[in-house]
Amino acid sequence: MAAPTLNPDGVSVKGCTAIYAPKGQAGEYAPLAANPYRGCGHKCAYCYVPLVTKQPRPEFDAGAVDRAGFLDRLRSDAAKYQALGITEQVMLSFTTDPYHPGDTGLTTKTLETLRDHGLAFCTLTKGGTRALRDIDLFRRDRDAFASTLTTLDDAFSRKWERGAADPGDRLAALRAFHERGIFTWVSLEPTLDVEASLAIVDATAGFVDLYKVGRANYLKEITRTTDWRDYTLRMLDRLHARGKRHYFKRDLQPYLHAGYPNPLRVPQYHEFAQDGSDDPWWRA
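Anyway, here's the lowdown on the structure attached to this text. Every value quoted in this text rests on a predicted model; they were computed, and no experiment measured them.

About the cut-offs
Residues numbered from 1 in each chain as written. Predicted model: local features only at pLDDT ≥ 70, side-chain atom pairs only at ≥ 80, totals over all residues. Heavy atoms only, no water. Pairing = 2+ DSSP bridges. Helix = DSSP H or I, 4+ residues; strand = E, 2+ residues; numbered from the N terminus. Contact = heavy atoms within 4.5 Å. Axes fitted to C-alpha atoms, helices over the stretch in contact; angles between N-to-C directions. Phe/Tyr/Trp six-rings, centres within 6.5 Å; stacked < 30°, edge-to-face > 60°. Buried < 20%, exposed > 50% of the residue type's maximum accessible area, 1.4 Å probe, protein only. Lys NZ or Arg CZ within 6 Å of the ring centre and 35° of its normal.

### Focus: the sheet that holds strand β6 (residues 144-148)
Hydrogen bonds along the backbone pair up the strands of a sheet, which may run parallel or antiparallel. With parallel pairing, the 7 strands of this open sheet are ordered in space as β1-β4-β5-β6-β7-β8-β9. On the outer flanks of this sheet lie β1 (32-33) and β9 (245-248), each paired with one strand and no other. For strand β5 (residues 120-125) and β6, the ladder comprises 4 bridges, and the chain directions are parallel. From the neighbouring strand, Thr-125 faces β6, where its bridge partner is Ser-147. The strands that helix α8 (residues 194-204) touches are β7 (183-188) and β8 (210-213); relative to β7, the one it contacts most, it runs at about 165 degrees.

Printed below as a string of structure tokens:
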């Protein structure tokens, strides 16, 4: 068998299908990703994934099902990454949710497989405290836990994200991971309401390490009527006032000040000093 080799992107391995390098807007979030399921069950009205996966929305919204042969392919891929010494974070998930309302046993097995092959991981979810069943698998110096938040209001959330955990439940999960010393971040995308997104920063700054800020791209009534420049500058001021690290996605970058530092990749884990104590890079 031929030795594994890298793709031209310098991070993904040729011939792998379970672990891949996401492209486009997804590529702004993570260097590597994996999607254990097909479908979701959170029933988010703004979700673009059914178009990407060519699934009828009722089928996608009905719930997540395990991808056929996924775990075998993941183990094969992870071994190739390990052979090349690649330890990057693998993010779950872009076309599903690792903590959807159904059986998430495959998520646990996926995280264990990544860990056992030397890879780090990050989960991005609207599943809230469903994720706590796997909290012991997360490592302070390797992994991250993230949640998508569009509002703090339960009624507003149920209008747009009918099957997802309520906002308060997602905040509880973020707090729990933070208290365990796990790096936490929040995806502020899509932005459905400017004031709601600003309020999320105020409410979560004490237990969230990083914010990734985007806009609404598939909702004409919001995309066309929101003043995205004003939103970007207001969010920038709010994040600075709170002293929080952040990344503005490409659609909002034209509104940043010229030369503004907006690194695509920052460490999504907690670093440690040589004496083993926490290295507070976020306070630098």
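### Structural notes on the packing of aromatic side chains
Scanning the entire structure with this criterion turns up 7 aromatic pairs. Ring geometry for Phe-121 and Phe-138: centres 5.0 Å apart, planes at 80 degrees, overall edge-to-face. Taken as a pair, Phe-121 in strand β5 and Phe-138 in the loop between β5 and β6 lie far apart in primary sequence, 17 residues in all. In this structure Phe-138 comes out as buried when scored by relative accessible area, which is 7%. Here the aromatic rings of Phe-145 and Phe-177 are separated by 3.9 Å at their centres, their planes lie at 5 degrees, and the arrangement is stacked. Of the two residues, Phe-145 is situated in strand β6 and Phe-177 in helix α7 (residues 167-179); the sequence distance between them amounts to 32 residues. For the pair Phe-145 and Phe-177, a shared accessibility class is recorded, and that class is buried. Three or more aromatic residues joined by ring pairs make a cluster, and in this case those are Phe-121, Phe-138, Phe-145 and Phe-177. Over the aromatic face of Tyr-29 sits the side chain of Lys-249, whose NZ or CZ is 4.4 Å from the ring centroid.

### A look at the environment of Arg-75
Tracing the backbone through its elements, the reader meets Arg-75 in helix α4 (residues 70-83). By relative accessible area, Arg-75 is classed as partly exposed at 41%. The spatial distance from the C-alpha of Arg-75 to the C-alpha of Leu-114 is 8.1 Å, given a sequence separation of 39 residues. Residues contacting Arg-75, with those up to four places away along its chain left out, are Thr-113 and His-117.

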